[in-house]
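So the chains spell out like this:
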Amino acid sequence: MLWLKAAVINRPFGLDNLSVIEVPDVHISDDEVKIRVAYAGINPVDYFIISGLRSINPVPHIPGTEFGGYVEEVGSKVKGLSKNDRVIVYPRVFDGVCDLCLSGKEHLCRNGGLIGGITNGGFAEYAVVKYQNAMKIPNNLNWESAVSIPVAALTAFHALMEANIKPGETVLVVGASGNTGQFAVQLAKKMGAKVIAISSKPWVKNIGADEVVSLNQAINALQRVNNGRLADVVVDSIGSKTVERSIKLLDTGGRFVTFGALTGITAKMTISEVYLKEIKIIGATGGTRKEMLRLIDMASRNEIKPVIWRTFNLDNIKTAISSLFSRERNGRILVKIAG
Ligand SMILES: [Zn+2]
């Protein structure tokens, strides 16, 4: 029997129960592809899955929601893919037949979930996905950029699309140096917005932010940039710690968009502030394959790219994941597997 190396989490979950071990090789069905994983990205969602805070199947489980690699083997019913194609993986399981899938919202599939959550994921030498999830990337797109598309860039892009950003608007991004935040800054800028980044990292200016300030300085920065007005859109995935203050930074008619809650899932809101200013609250999660295709196109033209802090190998994945919450973190954390 063939064996492959993988990061495996077992009950009672938590990072202490994640280990890199040899597991039996994976076999594919007619409609699946086997991928030799080149790179994976580490995201907060992986931490939540490993901690047992999201649906997990199977157990023991291989996490890893964001990854890409080389097609190793294709099932008999697979179309459009062949051995050695470079692909990144659309990170949502979807059935393709429910009302939401049929309306182009496969990220909300009624029978769906996260790859690496309700299926084994990509923190392994090989991974298996449905062929509809494997999206080819051009040869000129490097792995570091490509592997930041499926979760980090896609989540930010979808959120900005849901918020319907218009040229000239002022967008405030809370947590602008984070995985999604750094793409929210780049993409909002590309959509023609003025961008105020809330971050302690000066490099956020280099990826397109008009101003990089602390949350306390946000009102002044907004008024400076937006002719005395507050933000048209606030993007906040930080959660409990920031939401109450973020909503106060919106101008009349502003939109608040959230796709995560890193610091906690509940927050206080002053209801009168929301209705008296006709604030709109928008939730977003993941993104569509169509949006992911557009991001592949943008990344291959160098219009967006990740700021990477550290790259680990699979043997050091525990350190990679625990570094996610390090104060020194200065950009994305990647895992190089086959590279
Ligand atoms: Zn569906």
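Residues numbered from 1 in each chain as written. Predicted model: local features only at pLDDT ≥ 70, side-chain atom pairs only at ≥ 80, totals over all residues. Heavy atoms only, no water.

A. Expanded view of the overall build of the protein. Summing up its helical and strand segments, the protein has 10 helices and 17 strands in all. Rg of the C-alpha trace for the protein: 20 Å, near the compact-globule value of 20 Å for 339 residues, within the 12% margin. Taken along the three principal axes of its C-alpha coordinates, the protein extends 65 × 40 × 35 Å. Burial statistics for the protein: of 339 residues in total, 55% are counted as buried. Long-range pairs, those at least 24 residues apart, make up 69% of the contacts in the protein between residues at least 6 apart in sequence. (Helix = DSSP H or I, 4+ residues; strand = E, 2+ residues; numbered from the N terminus. Rg over C-alpha atoms; globule rule 2.2 N^0.38 Å. Buried < 20%, exposed > 50% of the residue type's maximum accessible area, 1.4 Å probe, protein only. Contact = heavy atoms within 4.5 Å.)

B. Quick look at the sheet that holds strand S14 (residues 250-258). Spatially, the 6 strands line up as an open sheet ordered S12-S11-S10-S13-S14-S15, and their pairing is parallel. Bordering the open sheet on either side are strand S12 (211-213) and strand S15 (280-283), each of which pairs with just one other strand. Each adjacent strand pair in this sheet contributes to an overall mean axis angle of 20°, direction not counted. Relative to strand S13 (residues 231-236), strand S10 (residues 170-174) runs parallel, the two sharing 4 bridges. By the bridge assignment, Leu172 is partnered in S13 with Val234. (Pairing = 2+ DSSP bridges. Axes fitted to C-alpha atoms, helices over the stretch in contact; angles between N-to-C directions.)

C. Region of interest: helix H4 (residues 149-162). Along its length, H4 shows its largest kink, about 25°, at Thr155. In terms of burial, H4 is largely enclosed, as 12 of its 14 residues are buried. Asn164 sits one or two positions beyond H4 and adopts a positive phi of about 55°. (Bend = angle between axes of the 7 residues up to and from the residue.)

D. Geometry of the side chain of Glu169. Within the element layout of this structure, Glu169 appears in the loop between H4 and S10. Look at Glu169 and you get buried, because its relative accessible area is 12%. Setting aside its immediate chain neighbours within four residues, Glu169 contacts Asn164, Ala193, Lys194, Asp232, Val233 and Arg255.

E. Molecular detail of the domain arrangement of the protein. Looking at the assigned domains, one finds that the protein contains domain 1 (3-148 + 306-336) and domain 2 (153-283). Taking the mean C-alpha position of each, domain 1 and domain 2 sit 28 Å from one another. Every contact between the two is made by 17 residues of domain 1 and, on the other side, 10 residues of domain 2. When the two sides are added together, the surface that domain 1 and domain 2 hide from each other amounts to roughly 1,000 Å², 55% of it contributed by carbon and sulfur. Counting across the domain 1 and domain 2 interface gives 0 salt bridges. If you look at where domain 1 meets domain 2, you find 9 residue pairs in polar contact (both at pLDDT 80 or more). For the side of domain 1 that touches domain 2, the per-class residue count stands at 8 nonpolar, 5 polar and 4 charged. (Domains from an automatic or database assignment. Buried area = accessible area lost by both parts, 1.4 Å probe. Salt bridge = Lys/Arg side-chain N within 4 Å of Asp/Glu carboxyl O. Polar contact = N/O pair within 3.5 Å; in protein donor to acceptor, adjacent residues only side chain to side chain. Nonpolar A, V, L, I, M, F, W, Y, C, P; charged D, E, K, R; others polar.)

F. Quick look at the coordination of the zinc ion. Surrounding the zinc ion are the protein donor atoms Asp95 (OD), Cys98 (SG), Cys101 (SG) and Cys109 (SG), which sit 2.1 to 2.3 Å from the metal. One can describe the donor arrangement at the zinc ion as tetrahedral, given that its 4 donor atoms subtend angles of 94 to 121° at the metal. Along the chain, the residues donating to the zinc ion fall in the pattern D-x2-C-x2-C-x7-C. Pair check on accessibility: Cys98 and Cys101 agree, each one buried. (Donors = N, O, S within 2.8 Å, 3.2 Å for Na, K, Ca; no water. Tetrahedral: all angles 85-135°; square planar, octahedral: opposite > 155°, others 65-115°.)

G. Quick peek at helix H9 (residues 289-300). End to end, H9 covers 16 Å across 12 residues, agreeing with the expected 16 Å (1.5 Å per residue, within 8%). All buried positions along H9 are accounted for by Glu291, Met292, Leu295, Ile296, Met298, Ala299 and Ser300. For H9, the elements touching its buried residues are strand S5 (86-89), strand S9 (134-136), H4 and helix H5 (179-190). (Expected span 1.5 Å × (residues − 1).)

H. Layout of the environment of Ile118. With respect to the helices and strands, the residue Ile118 is situated in the loop between strand S7 (113-114) and strand S8 (126-130). Along the primary structure Ile118 and Ile56 are separated by 62 residues, whereas in three dimensions their C-alpha atoms are 5.1 Å apart. Contact partners of Ile118, with chain neighbours within four places excluded, come to Ser55, Asn57, Val93, Gly112 and Gly113.

I. Representation of the pairing of strand S17 (residues 332-336) in the model. Buried residues dominate S17, accounting for 4 of its 5 residues. Looking at chain direction, strand S3 (residues 32-41) and S17 are connected through 3 bridges and run antiparallel. Bridge pairing links Gly41 to Leu334 in S17. Inspection of the sheet shows strand S16 (residues 308-313) paired to S17 by 5 bridges, in the parallel sense. Looking across to S17, one finds that Ile308 is bridged to Arg332. For the crossover that starts at S16, traverses helix H10 (residues 317-322) and ends in the parallel S17, the hand is right-handed. (Right-handed = clockwise from strand over helix to strand, strands pointing away.)

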